[in-house]
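What the coordinates show
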Amino acid sequence: MSYVDDVLARVKAKNASEPEFLQAVDEVLNSLRPVIEANEEKFKRDALLERITEPERQLKFRVPWVDDKGQVQVNTGYRVQFNSAIGPYKGGIRLHPSVNIGIIKFLGFEQVFKNSLTGLPIGGGKGGSDFDPKGKSDREVMAFCQSFMTELCKHIGADTDVPAGDIGTGAREIGYMYGQYKRIRNVYEGVLTGKGLSYGGSLARTEATGYGLLYFTEEMLKCNGSDIKGKICAVSGAGNVAIYACEKAIQLGAKPVTVSDSTGWIYDPEGIDVALLKEVKEVKRARLTEYAAARPSAQYHEGKGVWTVKCDVALPCATQNELNLDDAKTLVANGCKCVAEGANMPTTLEATKYLQENGVLFAPGKASNAGGVATSALEMSQNSERLSWTFEEVDSKLKNIMVNIFHNADDAAKRYGVAGDYVAGANIAGFEKVVDAMNAQGIV
Ligand code: NDP
Ligand code: 2IT
């Protein structure tokens, strides 16, 4: 049995109850075959793949808090500190009822390679809780965030581990967590990113993931003889990533015509009205029915369905495994030419394979959504030098980073004889830097 197959079998046996983690490992290790085979004995002797698939540290803790009725609620908190070879652990905090250790491990594993691809000195980590912010009062959200940080603050720090936002964690939650960290640890430092502008946040961090996704997509299309201008985009999600993906798509001359949330989706043939979407989702925290009620051109549908809309470019920006094989077939049949992931692992392995085999340009999330964490690293730099950069400065660095990530993935794919396979290219390019650092640092 090859070394890759041997490790895959062992990771599967050891983590049998964690399907999302196994899916992420499966994709990465299969992409790495040509790299590993070129030097199999050394990788095997150093147990490099066993080490890279085993988190350096996993924390699981109780998060008790009191709801508005005086009832005590108990959630589970997680932080997986996956790999610190190239920098302090860095990655978001997901607050969603579906969160479990397997989901946090998959996200932390992806983050290791993504953060490496940014070219910035950040290791990989991820955290979260099964707490559901939906329907909670501000006071309840604050109570949860304070309790969560009361434990987490013992394990993080500006040079150790720097969490940020993800699903369910936005500006409000980061603010409450930052306040509690500062109060307990008595240090004013850049321990979280995605902070408000009045207390150390970076301009353009809010926009960064969605904008970065479009910068990446623009470059990928350009290098394949096409142009983002004039393209019809189907977007899923209606949160941070989706909103700013729509905004930048419009700025680049494309037309996003869909968005979705966990209850339904919008088809708006006139193009998504981003100001209205922000009002509904960022200000009112309401359902997409309110968007439809305020916009005569919009049709609201219950359930799932954005991938049935005819589009040139599909941008999944909601959650993992939201684009399956049937969706991929529908997209191809409708003439879709490009899928770029804004979310983490939104496309199933079967769907990815089908899209690639049918000539669709496919950008994996760890490359195309890396603009968020890259700008988080820029926020860390600004915090360290106690300065803040202008929006234009951060945005232009973000654009350069996304263009570089595309070319690094593209070059790595070409070097290993799989030109155009950006999944393999991103995994290989991300892996190379981490492995170099791990080798230099000995068996740790
Ligand atoms: P938000 O919480 O701001 O928005 C998430 C959106 O996706 C909401 O519209 C939500 O609907 C929908 N959604 C979430 N879970 C589900 C589900 N299980 N089924 C259907 N719809 C769902 O999160 P973000 O926009 O920040 O994150 C979206 C994706 O992008 C995630 O995969 C995240 O990991 C990834 N990502 C985020 C980055 C960031 O900087 N924020 C950076 C890189 C990747 P509803 O509100 O109804 O739940
Ligand atoms: O998945 C991700 O890259 C994020 N949620 C952003 C992480 C960060 O540290 O900004």
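Please refer to the structure placed before this passage.
Attention here is on the structure that accompanies the text.

Thresholds, definitions, all that
- Residues numbered from 1 in each chain as written.
- Chains lettered and ligands numbered in written order.
- Predicted model: local features only at pLDDT ≥ 70, side-chain atom pairs only at ≥ 80, totals over all residues.
- Heavy atoms only, no water.
- Near = heavy atom within 4 Å.
- Polar contact = N/O pair within 3.5 Å; in protein donor to acceptor, adjacent residues only side chain to side chain.
- Areas by Shrake-Rupley, 256 points an atom, 1.4 Å probe, with all protein chains shown as cover.
- Helix = DSSP H or I, 4+ residues; strand = E, 2+ residues; numbered from the N terminus.
- Nonpolar A, V, L, I, M, F, W, Y, C, P; charged D, E, K, R; others polar.
- Pairing = 2+ DSSP bridges.
- Axes fitted to C-alpha atoms, helices over the stretch in contact; angles between N-to-C directions.
- Expected span 1.5 Å × (residues − 1).
- Buried < 20%, exposed > 50% of the residue type's maximum accessible area, 1.4 Å probe, protein only.

**Concerning the site of ligand 2**
In the vicinity of ligand 2 lie 14 residues, with Lys90, Gln111, Lys114, Asp166 and Ser376 positioned nearest. Contact distances for ligand 2 include 2.7 Å between an oxygen atom and a side-chain N or O atom of Lys90. One of the side-chain nitrogen or oxygen atoms of Asp166 is found 3.0 Å away from a nitrogen atom of ligand 2. Computed on the free molecule, ligand 2 has an accessible area of 300 Å², of which 94% lies beneath the protein chains in the complex. Going through the elements one at a time, strand S3 (89-95), helix H6 (101-117) and helix H16 (371-385) are the ones with two or more residues in the shell around ligand 2. In the shell around ligand 2, the residues fall into two nonpolar, seven polar and five charged.

**Describing the sheet that holds strand S9 (residues 264-267)**
Spatial ordering of the open sheet is given by S8-S9-S10, a layout of three strands whose pairing is antiparallel. The open sheet is flanked by strand S8 (258-260) and strand S10 (299-302), the only strands paired with a single partner. Here the average twist between neighbouring strands, direction ignored, is 20°. Bridging between S8 and S9 involves three bridges; their strand directions are antiparallel.

**Remarks on helix H18 (residues 422-440)**
For H18, with 19 residues, the first-to-last C-alpha span of 27 Å sits near the 27 Å given by 1.5 Å per residue. With 14 of its 19 residues buried, H18 lies for the most part within the structure. One side-chain oxygen at the N-terminal end of H18 lies 3.1 Å from the backbone nitrogen of Val423; it belongs to Asp421. Note on H18: the residue one or two positions beyond its end, Gly442, has a positive phi of about 80°.

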